[in-house]
Structure formats: structure tokens, C-alpha cells
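Spelled out, the chains give:
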Amino acid sequence: WSGMGTIALDSGATERLKCQATYLVEAEGHVAQRLTCISPSYRIEGSADLIFEGQRLSGTWSESSYGVGGGLAGTAGDGRIAFRLEAPTFAGNASIEVQRCRQTVRVMLSGTIIKSIDAGLRRC
């Protein structure tokens, strides 16, 4: 999956991003996600290990450029995954919506200079 997006900063500034996401099914109900987004000033290298139990979602996440990570919990169903990100110094919400060849990724953060990341990705 690849495409363009926007990073919005707490200061009100925004920058265009180029993003790429990969998914690897590691076992039944266990998916590893990797998301890399690059702008002129920022490089975001996030990963998540997602555990699906019915419509419940749990797991862990990390971001290697800034050395942060924590747990996540949420729901999945009907082409949409929504989860809460927890970290020692900030929190956020993320969602992934998939429609066949398109994917929309949105991350909203609080307690950090990055306010949000929005990306529209394609694979077909």
C-alpha cells in the first residue's frame, strides 16, 4: 500500500507526506503492520502487532524514529479498524478504513508536537 498524506503539527503547520504500509499475517488473528511516512521535516516509522479476537482488537505499537511505543485496544469490523494508542507521555486514536484497493489511515495524537497524520493509500 502506498500514497500521499498530510502531517498536522500542534503549531498549526502542515506538511505533505509520502507513505507506505505493509501487512503480514503472522498467524490466524495476528497481523503485523508497518507504516512509514516521510515529509520534508519528519520521518515516521510506526509498527503495530494486532491481535484480533472477533471484533475486539488488542496489541502493541512502536515508532522507531522517536523511540516511543505502548499498547493499543479497539474494534474491527466492516472494513474499519479503530483503536486507542497508549504511551507513557501521550495518547491517541487511530483508524484504518479499507475499500478493496483503497485504504485511509488516520492517527490523532495529544500530548505531542504531531497533532495528526492522514494518508490515502492504494494497492491496485
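Residues numbered from 1 in each chain as written. Predicted model: local features only at pLDDT ≥ 70, side-chain atom pairs only at ≥ 80, totals over all residues. Heavy atoms only, no water.

Draft legend 1. Geometry of the overall build of the protein chain. Across its full length, the protein chain carries 0 helices and 10 strands. Counting from the amino terminus, the protein chain carries its helices and strands in the arrangement β-β-β-β-β-β-β-β-β-β. Its C-alpha radius of gyration of 14 Å places the protein chain within 12% of the 14 Å reference for a compact globule of 124 residues. Counting only C-alpha atoms and orienting by the principal axes, one finds that the protein chain spans roughly 40 × 35 × 20 Å. Evaluated residue by residue, the protein chain yields a buried proportion of 38% over its 124 residues. (Helix = DSSP H or I, 4+ residues; strand = E, 2+ residues; numbered from the N terminus. Rg over C-alpha atoms; globule rule 2.2 N^0.38 Å. Buried < 20%, exposed > 50% of the residue type's maximum accessible area, 1.4 Å probe, protein only.)

Draft legend 2. Inspection of the confidence of the model for the protein chain at higher detail. This prediction gives the protein chain a mean pLDDT of 94; 100% of its residues lie at or above 70. Looking over the protein chain, one finds the lowest element-wise mean pLDDT in strand β8 (residues 91-99), namely 93, and the highest in strand β1 (residues 2-9), namely 97. (pLDDT = per-residue confidence, 0-100.)

Draft legend 3. A look at the nonpolar core. Counting residues in each nonpolar core, the largest one holds 30 residues, and the members touching the most others are I7, L72, F83 and L85. A per-element tally of this core places strand β10 (residues 114-122) first, with 4 residues. Those residues in contact with I7 that sit more than four places away from it in its chain are A13, T14, E15, L17, S39, Y42, I44, I114, S116 and I117. (Core = buried A, V, L, I, M, F, W, Y, C linked by side-chain atoms within 4.5 Å. Contact = heavy atoms within 4.5 Å.)

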